[in-house]
Amino acid sequence: MFNQPNMMDALSDYRAAEYVIFGVPFDGTSSFRAGSRFAPHAMRKASANFESYNAFFDIDLVEVRIHDAGDLEPYASVDATLRDLFYAVEPIAKKGKIPIMLGGEHSLTLPCVKACAKYAGDDLGVVVLDAHFDLRDEYSGLKYNHACVSRHIIDEVTDNYVSIGIRSGSGEEWDFAKENNVRYYTPDDVATKGIKNVLDEVVEYLDCSKIYLSLDMDALDPMFAPALGTPEPFGLDAVDVRDVIRTLAPMSVGFDVVEIAPEYDGGQTAMLGTKLMREFIAAHARAALG
Ligand code: MN
Ligand code: MN
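Asks: Lay out the sheet that holds strand β1 (residues 19–24) with the relevant residues and their values.
Replies: Strands sit in the order β4-β1-β5-β10-β9-β6-β7-β8 across an open sheet of 8 strands; the sheet is parallel. Of all the strands in the sheet, the pair left with one neighbour each is β4 (66–71) and β8 (183–185). Pairwise comparison of adjacent strand axes, ignoring direction, gives a mean angle of 15 degrees for this sheet. Across 4 bridges, strand β6 (residues 124–129) lies against strand β7 (residues 161–164) in parallel orientation. Considered in β7, the bridge of V128 is made with S163. In the packing of helix α7 (residues 195–206) onto the sheet, the strands contacted are β6, β7, β8 and β9 (210–216), and the crossing angle to β7 comes to about 165 degrees.

Laid out in structure tokens, this is it:
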């Protein structure tokens, strides 16, 4: 294939794979600035930078069965894209493989969560890293807008839900979170309690053995991740986000990295997102080996 970089160390065929990476180059509802459709390509390119060996977990990714399935062809319509995405992820989850979705925008997380929930049943919690509540019922006349994804996860899949990194929302969203006891942690909470204590609380609160983990990159401070659709200052530290991923990956049945808009920086946001994805795989693979 020409003009299509491969995800480094994704050497497995689909059938044998335990981890299935795929891109969804869709940013049709992005509210401030679009461009996350270019992220899957940027992340595959960035992956060439890294050693396959992860010393922290003593895992060599070339020995892990990772498959890069390429990109899902999006529609112009968000509803049609989300419908196709569900049917793309469903067989991956059914086989017990771990889907790893590279957005694209955050609206894409909902069908991935639904597909994973179908096979995880009630024993599922959802953890979203995000600067934004995403708790609106609809935005700009669109129900499945990227600004509404967490609301639909809670309404349509499970309210066994925690968000980390929250520092932005409408007055109604802050009220909704309080009235409905939505569990969330601001970056100030993380700084005060320490990420390890926050994670202990999260795991105790969710009280489940399976997690779907979604990384909206704007959870990070724009100093670490400036190339975003909706950057929000005073965010999480990259090392704290790495700790979240290292800690929760072993329980995870699905993972995504969304909202990187690579044309707004010199490559560091895609680099960090790709590195965090590789930490996810290494942490999960290490735990699976025991
Ligand atoms: Mn979001
Ligand atoms: Mn966000």
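After presenting the structure, the write-up continues.
Asks: I'd like a rundown of the coordination of the manganese ion (ligand 1), residues and numbers included.
Replies: Around the manganese ion (ligand 1), the protein contributes the donor atoms H106 (ND1), D130 (OD), D134 (OD) and D216 (OD), at 2.1 to 2.2 Å from the metal centre. When the donor residues of the manganese ion (ligand 1) are listed from N- to C-terminus, their spacing reads H-x23-D-x3-D-x81-D. Between the two metals, the manganese ion (ligand 1) and the manganese ion (ligand 2), the spacing is 3.2 Å, and D130 donates to both. Linking H106 in the loop between β5 (98–103) and α3 (109–120) with D134 in the loop between β6 and α4 (149–156), this pair joins segments that are 28 residues apart in sequence. The pair formed by H106 and D134 is uniform in burial state, with each residue classed as buried.

Asks: Tell me about the coordination of the manganese ion (ligand 2), and name the residues and values.
Replies: Distances from the manganese ion (ligand 2) to its protein donors, D130 (OD), H132 (ND1), D216 (OD), D218 (OD) and D218 (OD), fall within 2.1 to 2.4 Å. Sequence positions of the residues that donate to the manganese ion (ligand 2) give the spacing D-x1-H-x83-D-x1-D. The class for H132 is buried, based on a relative accessible area of 14%. Its relative accessible area of 2% is what places D216 among the buried residues.

Asks: Requested: an account of unusual backbone geometry, with residues and values cited.
Replies: Put simply, G103 and G104 share a cis peptide bond, and its omega is 10 degrees. Topologically, G104 is positioned in the loop between β5 and α3. Although it is not a glycine, E259 adopts a positive phi angle of roughly 80 degrees. When you line up the elements, E259 lands in the loop between β10 (252–258) and α9 (268–289). Given a relative accessible area of 1%, E259 falls into the buried group.

Asks: Give me the lowdown on the packing of helix α8 (residues 238–248) against α9, citing residues and values where you can.
Replies: Geometrically, a packed helix pair is captured by the angle between its two axes and the distance between the axes. Here α8 crosses α9 at 30 degrees, and the two axes come no closer than 9 Å. In this view, α8 runs roughly parallel relative to α9, as classed from their interaxial angle. Crossing geometry of α8 relative to α9 is assigned as right-handed. Residues A238, V241, R242, I245 and R246 of α8 form the contact with α9, whose participating residues are L272, L276, E279, F280 and A283. When the residues that make up the contact of α8 with α9 are grouped by side-chain class, the tally is 7 nonpolar, no polar and 3 charged.

Cut-off values and rules
- Residues numbered from 1 in each chain as written.
- Chains lettered and ligands numbered in written order.
- Predicted model: local features only at pLDDT ≥ 70, side-chain atom pairs only at ≥ 80, totals over all residues.
- Heavy atoms only, no water.
- Pairing = 2+ DSSP bridges.
- Helix = DSSP H or I, 4+ residues; strand = E, 2+ residues; numbered from the N terminus.
- Axes fitted to C-alpha atoms, helices over the stretch in contact; angles between N-to-C directions.
- Contact = heavy atoms within 4.5 Å.
- Donors = N, O, S within 2.8 Å, 3.2 Å for Na, K, Ca; no water.
- Buried < 20%, exposed > 50% of the residue type's maximum accessible area, 1.4 Å probe, protein only.
- Parallel < 35°, antiparallel > 145°, perpendicular 65-115°, else oblique.
- Left-handed = near helix turned anticlockwise from the far one by under 90°.
- Nonpolar A, V, L, I, M, F, W, Y, C, P; charged D, E, K, R; others polar.

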